[in-house]
Amino acid sequence: MATALAHSPAKFLPPVTAIPQFPDDPKTLILQQCKTTKDLNQVHAHLLKTRRYLDPTVTENLLESAAILLPTTTMDYALSIFDKIDHPDSSAYNVMIRAFTMKQFPYKALLLFKQMLENAVPFDEFTFPCTLKSCSRLRGKKEGKQIHAQIVKCGFGSNSVVLNTLIHMYANCGEVEIARKVFDGMPERDIFAWNSLFSGYVKSGYYEDAVKLFYKMRTSGVRFNEITLVSVLTACGRLADIELGEWIAEYTRANGLDVNVNLATALLDMYAKCGEVDKARRLFDQMGRRDVVAWSAMISGYSQARRCKEALQLFSEMQIANLDPNEVTMVSVLSCCAVLGALETGKWVHLYIKKKRMKLTVTLGTALIDLYAKCGQINTATEVFQMMPSKNVYSWTALIQGLANNGQGKKALEFYQLMRERNVKPNDVTFIGVLSACSHVGLVEEGHDFFNSMGKEFGIEPRMEHYGCMVDILGRAALIKEAYQFIEKMPIQPNAVIWRTLLASCRAHKNVEIGEKAVKQLVSLEPMHSGDYILLSNIYASVGRWEDAMRTRSRMKEKGIKKTPGCSSIELDGEIYEFLAEENAYPIKEVYCATEDMIKQIKAAGYVPNTADARIDAEEDDKEAAVSHHSEKLAIAFGLIKTRPGTTIRISKNLRVCTDCHNAAKIISKVYNREIVLRDRNRFHHFKEGSCSCNDYW
DNA sequence: TTAGGGTTAG
């Protein structure tokens, strides 16, 4: 009998005596117990053998087991069963649509819905919820509306489950008003209706509406649940509404709801977004169970608070805890590496991503572009960009910005052109990159054109940053007077950054008159900013007005303004070393000896110390000593002795680089045949073979 | 069959 079975199609098999133990209701007793494909295969084979397979209910149960109950991520097995059904009915389709939706194949779910329509298989109340959920996932507003029409046509327009998913679909696709209309039109609203609207509001960024709705829910006496609170907490975080956030935290504690991981994570995220990172950390430490989302939320909390070292520390603790990070975790980690200029750590993360075959999502790709761009490896940033399967305005902007900051303005504008050709609409941030590219290349005319196109072509109102870029463009091109006039004509009140940009151009082009005007404005706007006094004093010194320079410095002293100490850092073997001008924690003698040796070498190649940037109240000899001990020189000297010949030296500095260090770095790059990448407060400097990518303007 | 937490460019 076994031989006959193996060679005949199931349909034409002669009846076989049923195995007495096989139950009439295989679904609950056997099919639901199947844990693996192999288990199900055995049952499947048995059903074929006993011809129970011909019973449509049994087939459907088998299909449900294969599609939904098995913990597999693929749908191959389920599809093989479904494809053998001659005329699948609504239930069979519903199972498949539900499974495709659950297993993250929303597009396939919609295709099946379309197939149902084409084959005139009638819809029932179970068809719509999952189909609509797939529309939500795909942000398929158009498809969602078409399905809505079908719902009305088939007479399911008052089914509450269907209406709840409609609310969710509309709100998730950004059609918040329609979602609200559906919600308001319901005679009775259950908790699913309320929560669908909350979630939609939050996902579409309607945070105020979410909070308002929560107050309405409370006054109308409807009971909320944990799911409601998760959505409302997200809104609180975005609005920095700590008052409501604290109320929810208190409610959660009082009702013992803090064991819910989702709610606890939403709470810690709310605290972090409201600026209470330490409170968030305490909550994190108290959590009984922490999953990858909880860890990611805490790491991102540190990252957003710019407490990057703590974020990286927590990331290494996560690995010790043996929890695998995912794409979202990596985005925050990379963002921290970018801020710290920690290229080695960032590269390690990139390798890890590749090793784990993580999907290069738009967000992850953009974080990688930003990492390499901020670490001065702009070519790698471009490579990552080209590797990305999908890109959005963020990725384009990160690259344009990165190219501009790394002194490749022309290339940045080429990518902007390409972006336009690909029909990606630029936004306000994109224009900051485009305008700063114009500034680096010295394209005054084009800069004006781009600035004007913002409003005309794209309806983007220029903000302070854009005006700042224009001042930079004009100032860099030595059009100081024009820059000053431009500021005077601004329709918004210029802030300190605008005047500081003008002041920097005055320093570069030695314009004392307008420099003094800029400082006057700056003193009234930000009287305690030390950098401005130093820039003015440097302008005086650069034209030999030593007394004025000294007077400026003493005015600074009188007002009790302290100069922010210059600090440069270098990363070696994943460890970050920091250097301060003149005083240091690191083995001082070694670093100073190396620095002196380095100065000797570059002097022989024509370096003349420019003492105008030194503390001008010092004696001439001291001045030279002071400039030679600037933090960036110490860090470069340290890099020269600690890395192999030919290795690129990467330094990050907290302030702008001074003229003397800039000049020295150019000569060092030639004498030692090293590339030096120096990231200062404002921009990148790539020193190579005696010149710098900034063309001596910064 | 319907609702929930963490992410990117200045």
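Residues numbered from 1 in each chain as written. Chains lettered and ligands numbered in written order. Predicted model: local features only at pLDDT ≥ 70, side-chain atom pairs only at ≥ 80, totals over all residues. Heavy atoms only, no water.

Within an unreviewed UniProt entry, the label attached to chain A reads DYW domain-containing protein, and the organism entered is Manihot esculenta. Per its UniProt entry, chain A bears the Sequence similarities (unreviewed entry) comment "Belongs to the PPR family. PCMP-H subfamily." (UniProt positions renumbered as here; feature names shortened; annotations may be inferred.)

Brief notes about the side chain of T265
In this fold, T265 is placed in helix α16 (residues 261-273). Every residue in contact with T265, bar those within four places of it in the chain, is listed here: M287, V293, A294 and A297. (Helix = DSSP H or I, 4+ residues; strand = E, 2+ residues; numbered from the N terminus. Contact = heavy atoms within 4.5 Å.)

A few points about the nonpolar core
Counting residues in hydrophobic clusters, the biggest one holds 184 residues, and the most contacted among them are M96 and L502. Counting residues per element, this core draws most heavily on α16, which supplies 9 residues. Core analysis: the next-biggest nonpolar cluster, separate from the first, contains 31 residues, M598, I602, A637 and I649 among them. (Core = buried A, V, L, I, M, F, W, Y, C linked by side-chain atoms within 4.5 Å. Buried < 20%, exposed > 50% of the residue type's maximum accessible area, 1.4 Å probe, protein only.)

Structural notes on the UniProt feature "repeat: PPR" (unreviewed entry) in chain A
This chain's UniProt record puts "repeat: PPR" (unreviewed entry) on residues 89-123, 159-189, 190-224, 260-290, 291-325 and 392-426. As annotated, residues 190-224 has a helix share of 74% and a strand share of 0%, and its two end C-alpha atoms lie 10 Å apart. Along residues 392-426 one finds 74% helix and 0% strand; the C-alpha atoms at either end are 10 Å apart.

A short note on the protein's contact with DNA strand B
For DNA strand B, the set of nearby residues contains 52 residues, the closest of which are N195, N260, T265, S296 and R463. The sugar-phosphate backbone supplies 43% of the atoms of DNA strand B found within 4 Å of the protein. A distance of 2.7 Å separates a base nitrogen of DNA strand B from a polar side-chain atom of S296. For DNA strand B, a base nitrogen lies 2.7 Å from a polar atom in the side chain of N326. Looking at the surface near DNA strand B element by element, the count peaks at 7 residues for helix α18 (residues 292-304). Partitioned by chemical class, the residues of the surface near DNA strand B number 17 nonpolar, 22 polar and 13 charged. (Near = heavy atom within 4 Å. Polar contact = N/O pair within 3.5 Å; in protein donor to acceptor, adjacent residues only side chain to side chain. Nonpolar A, V, L, I, M, F, W, Y, C, P; charged D, E, K, R; others polar.)

Focus: helix α17 (residues 277-286)
By the burial criterion, the buried members of α17 are V277, A280, L283 and F284. Down the axis of α17, the sector holding all buried residues measures 120 degrees, keeping them to one side. Elements in contact with the buried residues of α17: α16, α18 and α19 (308-320). (Arc of directions from axis to C-beta.)

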